[in-house]
Amino acid sequence: VLLGIWQPPLDLVMLHSPLTDRNRRISSYGALCDLQDRGKIGAVGVCHFGVTPLQELVEAGLPPPSVIQLELSPFHQHLEIAEWAQTHNCVLSCSAWSRLSSTSGPTQGWDTLSQKVAAP
């Protein structure tokens, strides 16, 4: 387990992707919640989950995640997820990567963004 250096509890464990079926999402998230209940991890979070998979967790009787990590930018605001997170007392975390400045990044919206940033 982590080359023998892991000493519980871990502060946060994130379920990286919702790209599986509903039962596996709920089972995996439930296993992390069980580890949290047993004091092995401090908080449970998810990455890249939309409203539907988030709601599935709550409807299954599981607590909402402590943290929801997303690609957040002016071009990817995920307003529905942000509202869901606020309603369920979840913290939103921004992913550490983005295509904002590359040639394959977004090309629409820069004028509007620069005007808003430059406005007094």
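If you're wondering where the values come from, they're calculated on a predicted model, not measured in any experiment. (Residues numbered from 1 in each chain as written. Predicted model: local features only at pLDDT ≥ 70, side-chain atom pairs only at ≥ 80, totals over all residues. Heavy atoms only, no water.)

**Q** Outline the pairing of strand 4 (residues 91-94), listing residues and values.
**A** Of the pairings in the sheet, the one linking strand 3 (residues 67-70) to strand 4 comprises four bridges and is parallel in character. Across the sheet, residue Val67 finds its bridge partner in strand 4, namely Val91. Since strand 3 and strand 4 lie parallel, the crossover through helix 3 (residues 79-87) that links them has a hand, and here it is right-handed. (Pairing = 2+ DSSP bridges. Helix = DSSP H or I, 4+ residues; strand = E, 2+ residues; numbered from the N terminus. Right-handed = clockwise from strand over helix to strand, strands pointing away.)

**Q** Requested: an account of the nonpolar core, with residues and values cited.
**A** Tyr29, Val46, Leu54, Leu57 and Ile68 are the most contacted members of the largest nonpolar core, which totals 19 residues. Of all the secondary structure elements, the ones that give two or more residues to this core are strand 1 (10-15), helix 1 (22-37), strand 2 (41-47), helix 2 (51-59), strand 3 and helix 3. Ranked by residues supplied to this core, first place goes to helix 1 with four residues. Every residue in contact with Tyr29, bar those within four places of it in the chain, is listed here: Leu15, Val44, Val46, Leu57, Leu62, Pro63, Pro64 and Pro65. (Core = buried A, V, L, I, M, F, W, Y, C linked by side-chain atoms within 4.5 Å. Buried < 20%, exposed > 50% of the residue type's maximum accessible area, 1.4 Å probe, protein only. Contact = heavy atoms within 4.5 Å.)

**Q** Break down helix 2 for me, citing the residues and quoting the values.
**A** By the burial criterion, the buried members of helix 2 are Pro53, Leu54, Glu56 and Leu57. End-on, the buried residues of helix 2 take up no more than an arc of 155°, which puts them together on one face. Exposed and oriented more than 90 degrees from the buried face of helix 2 are Thr52 and Glu59. Considering only its buried residues, helix 2 is in contact with helix 1, strand 2, strand 3 and helix 3. Following helix 2 by one or two positions, Gly61 adopts a phi angle in the positive range, close to 85°. (Arc of directions from axis to C-beta.)

**Q** Give me the packing of helix 1 against helix 2: which residues, what numbers.
**A** At a closest axis distance of 10 Å, the pairing of helix 1 and helix 2 adopts a crossing angle of 60°. In this view, helix 1 runs oblique relative to helix 2, as classed from their interaxial angle. Helix 1 and helix 2 meet at a crossing whose hand is right-handed. For the pair helix 1 and helix 2, contact is made by Arg22, Arg25, Ile26 and Tyr29 and by Pro53, Glu56 and Leu57, respectively. Broken down by class, the residue content of the contact of helix 1 with helix 2 amounts to four nonpolar, no polar and three charged. (Axes fitted to C-alpha atoms, helices over the stretch in contact; angles between N-to-C directions. Parallel < 35°, antiparallel > 145°, perpendicular 65-115°, else oblique. Left-handed = near helix turned anticlockwise from the far one by under 90°. Nonpolar A, V, L, I, M, F, W, Y, C, P; charged D, E, K, R; others polar.)

**Q** Describe the environment of Ser66, naming the residues involved and giving the relevant values.
**A** Tracing the chain through its elements places Ser66 in the loop between helix 2 and strand 3. We classify Ser66 as partly exposed; its relative accessible area is 28%. Not counting residues within four places of it along the chain, the set of residues in contact with Ser66 comprises Ala43, Val44, Cys90 and Val91.

**Q** Describe the sheet that holds strand 3, naming the residues involved and giving the relevant values.
**A** Judged by pairing direction, the sheet is parallel, and its four strands sit side by side in the order 1-2-3-4 without closing on themselves. Edge positions in the sheet fall to strand 1 and strand 4, since each has one partner strand and no second. On average, adjacent strands in this sheet sit at an angle of 30° to one another, irrespective of strand direction. Relative to strand 2, strand 1 runs parallel, the two being bridged by five bridges. Residue Leu12 lies in a different strand from strand 2, and its bridge partner there is Ala43. Sheet contacts for helix 3: strand 3 and strand 4; angle to strand 3, the most-contacted strand, approximately 170°.

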